[in-house]
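Observations on chain architecture
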Amino acid sequence: MALPIFFRRSLIAIALGVSVSGSAMAQERELLNSSYDIARELFAAVNPEFQAWWQEEHGEEIAINQSHGGSSAQARAILQGLRADVVTFNQVTDVQVLADAGLVAEDWQEAFENNASPYYSTTAFLVRKDNPKGIESWDDLVKEDVKMVFPNPKTSGNGRYTYLAAWGFADNEFDGDEEQIQDFMRTFLRNVAVFDTGGRGATTSFIERGIGDVLISFESEVNNIRSEYGSDDYEVIVPPMSILAEFPVAVVGTNAERNGNSDLAQSYLEYLYSEDAQRLLAGFSYRVHNEAVVEEFADQFPETELFQVEDVFGSWDEAMEAHFEGGALLDQLQRR
């Protein structure tokens, strides 16, 4: 006997970490946002604000559900049938794979401002009290006595940003000398104490299991971890040079239309650009574009030189092919 439709959806939701509540099912419409692993608390704060705004503007109560996991894993889940209306990812390629499959518009980066990235971040370090290993920049991470924790670049967009940020630093430091860059990266990867599959797992390893001298993650994440676990026990280090980490968003047009949520999905992502939402994002230690909010939170974000993936690697596609495919540079550099 076939399972009822809702029960089937509930099983999928449980498997993928989607929040589905009884009150949500009573609502007239439900929006599903598929997002990256460490954005749970962020959207738990954003969603009620958008719901209140939508009700005031349209007189309609709505429910918003979330699905969280590694950005690439979320993209694969959508390809396999997860009916997300919108994606709020941490890597361009994970949205592009949905565009290539016809689920997201080909020109999705032109649908919203700033290449469809309403907020951004960079890669930063969380170290233990008093920074005992004296870690200030990327070259400190290749010292013999330093151990790092960050997510596996094979499974995590967060981890890929870390790897590419380190490579970009070495490219600048050694003036593009490929042999010296690879020597640097070989040592860098050798100093990784553990590769977790996602950002939240890496946080658990560093904080709760006490592994490593430094956790590398998004600046937003390490600041939020320090606030949660004790500002007296940890310090945040933003290196003088790092990578621009964009957080691309898109309407999953095929799903949103089928779910009757096209207008709702578009408005949800547009809301992330509003001054109220930008202020909320900045409160979660994300860098934003709204000039008034940027000025208001200026003291919170240290100056750093940010380079784009395109500046060093040509494009995301080229970076993925050269570094992260099976047998590519990441695999080569990790061979003993």
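Since the structure is predicted, the reported quantities are computational estimates derived from the model, not experimental observations.

1. Topic: the overall build of the chain
- Within the chain, the regular secondary structure consists of 17 helices and 14 strands.
- Projected onto its principal axes, the C-alpha positions of the chain cover 60 × 45 × 40 Å.
- A buried classification covers 52% of the 336 residues belonging to the chain.
- Summarising the internal contacts of the chain: among those between residues at least 6 apart in sequence, 73% fall at separations of at least 24.
- Put simply, the chain shows about 15,000 Å² of open surface, and 45% of that area lies on carbon and sulfur atoms.
- Charged side chains of the chain number 23 positive and 57 negative; the gap between the two group centres comes to 11 Å.

2. Let's talk about the confidence of the model for the chain
- Summary statistics for the chain give a mean pLDDT of 91 and a share of 92% for residues scoring 70 or more.
- Between residues 18–27, whose pLDDT stays under 50, and residues either more than four places distant or in other chains, the model counts 20 contacts.

3. Some thoughts on the sheet that holds strand S3 (residues 86–88)
- With mixed pairing, four strands are arranged side by side in an open sheet as S2-S1-S3-S12. Both outer strands of the open sheet, strand S2 (62–69) and strand S12 (249–251), are each paired with one neighbouring strand and no more. Here the strands of the sheet are splayed against their neighbours by 20 degrees on average, with no regard to which way each runs.
- Summarising the sheet, S3 and S12 pair through three bridges and their orientation is antiparallel. By the bridge assignment, Val 86 is partnered in S12 with Val 251.

4. Describing the domain arrangement of the chain
- Structurally, the chain comprises domain 1 (34–56 + 65–119 + 246–300) and domain 2 (123–240 + 306–334).
- Centre-to-centre, using C-alpha coordinates, domain 1 lies 25 Å away from domain 2.
- If you look at the interface, domain 1 gives 17 residues, while domain 2 gives 20 residues.
- Summing the contributions of domain 1 and of domain 2, the shared interface buries around 1,600 Å²; its carbon and sulfur component is 46%.
- Of all residues in domain 1, Ile 38, Gln 91 and Ser 285 bury the most surface against domain 2, accounting for 35% of the area lost on that side.
- Between domain 1 and domain 2 we count three salt bridges in total.
- When the shortest N-O distance is used, the salt bridge between Arg 287 and Glu 219 registers 2.7 Å.
- Linking domain 1 with domain 2 are nine residue pairs in polar contact (both at pLDDT 80 or more).
- Those elements that provide at least two residues to the side of domain 1 that touches domain 2 are helix H3 (40–58) and helix H5 (92–100).

Calculation notes
Residues numbered from 1 in each chain as written. Predicted model: local features only at pLDDT ≥ 70, side-chain atom pairs only at ≥ 80, totals over all residues. Heavy atoms only, no water. Helix = DSSP H or I, 4+ residues; strand = E, 2+ residues; numbered from the N terminus. Buried < 20%, exposed > 50% of the residue type's maximum accessible area, 1.4 Å probe, protein only. Contact = heavy atoms within 4.5 Å. Areas by Shrake-Rupley, 256 points an atom, 1.4 Å probe, with all protein chains shown as cover. Lys, Arg positive; Asp, Glu negative; His and termini not counted. Charge placed at Lys NZ, Arg CZ, Asp CG, Glu CD. pLDDT = per-residue confidence, 0-100. Pairing = 2+ DSSP bridges. Axes fitted to C-alpha atoms, helices over the stretch in contact; angles between N-to-C directions. Domains from an automatic or database assignment. Buried area = accessible area lost by both parts, 1.4 Å probe. Salt bridge = Lys/Arg side-chain N within 4 Å of Asp/Glu carboxyl O. Polar contact = N/O pair within 3.5 Å; in protein donor to acceptor, adjacent residues only side chain to side chain.

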